[in-house]
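Per-entry structural report
Chain by chain, the residues:
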Amino acid sequence: MNKIIFATANKHKIAEIQALLGDSYLVLSPADSGFDGEIPENQNTLEGNALEKAEYIYSVLHQPCFADDTGLEVEALDGAPGVFSARYAGDNKSDKANIQKLLDEMRDKTNRKARFRCVIAFIDDREIEHLFEGRVDGEILYEPVGDKGFGYDPVFRPNGSRLSFAQMSMEEKNPISHRGKAVRKFAEYLKSQSAKTPQMPRIGFGYDVHALAEGRELWLGGIKIEHNKGCIAHSDGDVLIHALCDALLGAAALGDIGTHFPDNDQEFKNIDSKILLRRTMQIIQKAGYAVNNIDATVCLEKPKIRTRIDEMRQILAQIMEIPIDRVSIKATTSEKLGFVGREEGVAVYAVATLDF
Ligand SMILES: [Zn+2]
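Think of each chain on its own: its residues are numbered from 1, step by step along the sequence as written. Given that the model is predicted, a residue must reach a pLDDT of at least 70 before its local features are reported, and side-chain atom pairs must reach 80 or more before they are shown or counted; all residues, however, enter totals for whole chains, interfaces and linings.

1. Structural notes on helix H2 (residues 46-61)
One full turn of an α-helix is made of 3.6 residues, so residues set three or four places apart face in the same direction. Put simply, DSSP H or I for four residues or longer makes a helix, DSSP E for two residues or longer makes a strand, and each gets a number counted from the N terminus. Multiply 1.5 Å by the residue count of a helix minus one, and that product is the helix's expected span. When the terminal C-alpha atoms of H2 are compared, their 23 Å separation across 16 residues agrees well with the 22 Å that a helix rising 1.5 Å per residue should span. At the exit of H2 stands histidine 62, carrying a positive phi of roughly 50 degrees.

Given below as structure tokens:
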């Protein structure tokens with residue numbers, strides 16, 4: 001699935017556009033992608049603001065993203081409130097105060113013509129900018145009518161209708177509204193693009209080593225192995241799961257196990273590594289990825305673990321919510337060479353592929 005970031009903090013807007021795009025795109029907020037700062041909005045035009053927001057998020061996250069800006073443009077007021085629509089009556093952004101200011105400004109105006117405009121700016125994965133505009137012409141009423149909608153809806157009546165925007169249901173408003181039109185244009189464009197570009201799975205690699213010491217438990221692939229030595233670790237030392245978590249996070253380019261579960265954090269002391277794998281799954285799922293398959297090689301001189309491998313595959317498949325035939329675990333010794341050969345430690349190499 002294609003991921004696309006909507007530079008907005010408005011969850012309602014994200015759900016709305018997700019519904020229009022269907023399942024060929026996953027729409028994420030900047031917060032879903034790890035951004036928690038302020039998005040700037042300092043331009044004099046709707047186009048400028050939409051582009052500024054999209055460019056800013058692109059510069060931080062380097063992923064396809066889009067932003068929108070909407071304004072009411074009144075002919076007799078030379079296009080005001082325009083880009084200042086949301087804060088026309090001041091920075092505290094009250095719909096009621098904005099409407100009152102507009103009605104005051106329009107008191108002696110006979111030309112009531114106005115239009116709503118919505119602009120969407122999109123930056124694609126080649127850093128090319130695209131603009132999509134929706135507009136609706138109408139007139140400013142003499143007093144507020146209706147209690148639906150938001151913003152200036154109670155004083156705006158679209159041409160060809162006897163109702164103000166605030167008297168219309170969402171079903172009536174969406175087909176003719178500026179937002180509805182811009183969003184549909186954008187959605188059509190994205191759909192035409194997704195048909196052209198097949199998605200490649202993403203590959204990640206993980207590697208982990210732990211020293212072995214007598215008298216400790218040996219945990220591998222979520223199960224306890226009978227042995228006189230076990231891994232020295234802050235957690236339960238399940239080196240197989242650790243390498244796997246790194247492969248999964250690596251495929252999503254979301255850091256590594258150390259950044260998400262620091263080994264100086266008391267929360268993770270002696271923790272069951274299966275919990276770390278579950279949390280890793282939540283992290284990559286939240287970013288829009290699903291596991292395709294994994295493959296790992298355990299390098300361990302003793303004991304032989306071949307007979308336990310299917311149990312490990314079963315447990316890991318269950319946690320990752322994939323069929324067992326997509327989970328491969330192999331075991332090898334290192335022919336008595338190196339730290340593995342001297343039974344001083346155990347190493348695991350893992351790869352994972354993710355779909356989106
Ligand atoms: Zn580890």
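2. Digging into the domain arrangement of the chain
Taken as a whole, the chain is organised into domain 1 (2-194) and domain 2 (202-355). Taken over C-alpha atoms, the centre of domain 1 sits 47 Å from the centre of domain 2. What marks off one domain from the next here is an automatic or database domain assignment.

3. Brief notes about the nonpolar core
Nonpolar side chains in soluble globular proteins tend to end up buried together. Nonpolar core, as used here: buried Ala, Val, Leu, Ile, Met, Phe, Trp, Tyr and Cys residues forming one set through C-beta atoms within 7 Å. The exposure scheme places C-beta atoms from the backbone and then counts, for each residue, the other C-beta atoms within 10 Å of its own, assigning buried at 20 or more, exposed at 12 or fewer, and partly exposed in between. One finds Ala54, Cys65, Phe66, Ile120 and Ala121 to be the most contacted residues of the largest nonpolar core, which totals 45 residues. Looking at this core, the elements with two or more residues in it are strand E1 (2-6), strand E2 (25-28), H2, strand E3 (65-74), helix H3 (95-105), strand E5 (113-123), strand E6 (129-140) and helix H5 (178-194). Looking at this core element by element, the count peaks at 8 residues for E5. Any pair of residues counts as being in contact when their C-beta atoms, constructed from backbone geometry, are within 7 Å of one another. Residues within four places of isoleucine 120 in sequence aside, it is in contact with Ala50, Phe66, Asp68, Phe132, Ala182 and Phe186.

4. So, the sheet that holds strand E13 (residues 327-332)
A strand pair is defined by DSSP finding two or more bridges across the two strands. Strand order in the open sheet formed by 5 strands is E11-E8-E14-E12-E13, with mixed pairing between adjacent strands. A single partner strand is all that each edge strand has here, and the edge strands are strand E11 (229-231) and E13. Averaged over all pairs of adjacent strands, the angle between strand axes in this sheet comes to 20 degrees, irrespective of strand direction. Pairing geometry for strand E12 (residues 290-299) and E13, over 6 bridges, is parallel. Paired with valine 298 across the two strands is alanine 331, which belongs to E13. All axes are obtained by fitting lines to C-alpha atoms, using only the stretch in contact for helices, and the reported angles, taken between N-to-C directions, cover 0 to 180 degrees. Sitting on the sheet, helix H6 (residues 239-251) is in contact with strand E8 (202-214), E11, E12 and strand E14 (345-355), with an inclination near 155 degrees to E8.

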